[in-house]
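Observations on the three-dimensional arrangement
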Amino acid sequence: MLSRITVLSGGMGGARFLQGLLHGIEQGSLPGVAPDAQVTVIANTADDWWIHGLKVCPDLDTVMYTLGDGIDPDRGWGRRDETWSAKEELAAYGVEPTWFGLGDRDIATHLVRTQLLDAGYPLSDVTRALCRRWLEPRFGERLTLLPMTDDRVETHVAIADAESPSGKRVVHFQEYWVRLRAEVPAETVVVVGLDKATPAPGVAEAISGADLVVLPPSNPVVSVGTILGVPGIGPARRSPDAKVVGLSPIVGGRHVRGMAEQMLRSIGVEVSAAGVGRHYGSRSSGGYLDGWLVDSSDAGLVPALEGAGLAARAVPLMMTDPDATARMAAAAVELVS
Ligand code: FO1
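A brief report on the enclosed structure follows. (Residues numbered from 1 in each chain as written. Predicted model: local features only at pLDDT ≥ 70, side-chain atom pairs only at ≥ 80, totals over all residues. Heavy atoms only, no water.)

With respect to topology, three strands assemble into an open sheet ordered E7-E6-E8, the strand pairing being antiparallel. Looking along the sheet, the strands with just one partner apiece sit at the ends: strand E7 (168–172) and strand E8 (188–192). The sheet shows a mean angle of 25 degrees between the axes of neighbouring strands, taken without regard to direction. (Pairing = 2+ DSSP bridges. Helix = DSSP H or I, 4+ residues; strand = E, 2+ residues; numbered from the N terminus. Axes fitted to C-alpha atoms, helices over the stretch in contact; angles between N-to-C directions.)

This is how it looks when you write it as structure tokens:
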């Protein structure tokens, strides 16, 4: 029976997967997974952004709000029943940027986090404090949310810019995604500080002690790729008998939401379920994966993936509701059991 599952998560895709995984564990509908299995989430922190003097951690907050039932389900980020008075007032003062919205309820999270960081607490302690409200009442010790590192890392994107002498301009990931809507090609993606980052307390143990490590359908470049890029988190840490299984974020050659297509192109990886599976690589060829789930519509890719040393299977990968996602989690466990 699997009893320790570790999930490397970005924002919405990873959070939705976790909802289904936890739902399946609670329902006992995941064959081979103990009903009291412990789930540890290692979240990407390179989307983090200092704005209006506040530290915003989008992927940590999306996981926390989603699993704590505080998320706005349509936006997939920020709080439900949100109001925007502070945002409107900042705009009235002409304070930039006005294109990044901090809701009034959401601001409380950033105020608490920023105050604790300013008091000298590391992000991992701060995250634990916030989860006392959002996760502990419902999940207790069964669920732990960890930042991938306590060190400051930020994803920046170089884009073409005719006005600048170099012909390029570098923008923070949030500007690339929120203001530019990823509508311009990402020429280069750089995670500033990643090479000097160290895993946050508990992260290395969460991987080395896991029976199962899951790469959910998060962005394989700027979310899962970034987590795997933290020195010490890659394959070296995985215990030999743990299995690693991934679920493709690319279905029918397209991302479901977000900007995985643009990010994959910026690193020259084919935008397909097979391209991402090969990018993560099979354990037998020095990569991460033992198994790779693709959507039913990509069933034709399974032989090629098996040829690349991966156990592969095609199942429905649309996370339409927790039951559907729980079935995906069950298929993932089964693929590598
Ligand atoms: N995404 C948007 O498209 N527009 C926003 O104004 C915006 C604000 C925002 C505030 C807090 C937060 O945690 C997330 C926010 N996001 C917004 C989403 C964010 O860009 C993404 O969640 C991740 O960075 C990508 O995974």
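This next bit is on the packing of helix H1 (residues 12–27) against helix H13 (residues 322–336). Viewed as axis vectors pointing N to C, H1 and H13 meet at an angle of 80 degrees, and their least axial separation amounts to 7 Å. Viewed along their axes, H1 and H13 adopt a mutual orientation that is roughly perpendicular. Within the contact between the two elements, H1 uses Arg16, Phe17, Gly20, Leu21, His23 and Gly24 and H13 uses Pro322, Asp323, Thr325, Ala326 and Ala329. (Parallel < 35°, antiparallel > 145°, perpendicular 65-115°, else oblique. Contact = heavy atoms within 4.5 Å.)

Moving on, we get to the layout of surface pockets. Of the pockets and cavities examined, the largest pocket occupies roughly 1,000 Å³. What lines the largest pocket is a set of 44 residues, and nearest its centre among them are Gly11, Met12, Gly13, Trp177 and Gly258. The biggest single contributor to the lining of the largest pocket is helix H2 (residues 58–67), with five residues. Of the residues that constitute the lining of the largest pocket, the class distribution is 20 nonpolar, 16 polar and eight charged. Structurally, the lining of the largest pocket is a two-domain feature, drawing no fewer than three residues from each of domain 1 (2–71 + 198–336) and domain 2 (154–194). (1 Å grid on protein atoms, 1.4 Å probe; cavity = no way out; pocket = protein on both sides within 12 Å on 5 of 7 lines; lining within 4 Å. Points joined across faces, edges and corners; volume = space filled by probe spheres on them. Nonpolar A, V, L, I, M, F, W, Y, C, P; charged D, E, K, R; others polar. Domains from an automatic or database assignment.)

The environment of the ligand is made up of 15 residues, and the closest members are Asp47, Pro58, Gly101, Gln174 and Arg181. Here an oxygen atom of the ligand and a side-chain polar atom of Asp59 are 3.4 Å apart. When the ligand sits alone it has 530 Å² of accessible area, and the protein chains cover 88% of it. Assessed atom by atom at 2 Å from the grid points, the ligand resides in the largest pocket. Mapped onto the shell around the ligand, the elements with two or more residues apiece are H2 and helix H7 (173–179). For the shell around the ligand, the leading source of residues is H7, giving four residues. Looking at the shell around the ligand, its residues break down into nine nonpolar, two polar and four charged. Looking at which domains feed residues into the shell around the ligand, each of domain 1 (2–71 + 198–336) and domain 2 (154–194) gives three or more. (Near = heavy atom within 4 Å. Polar contact = N/O pair within 3.5 Å; in protein donor to acceptor, adjacent residues only side chain to side chain. Areas by Shrake-Rupley, 256 points an atom, 1.4 Å probe, with all protein chains shown as cover. Sits in = over half its atoms within 2 Å of the grid points.)

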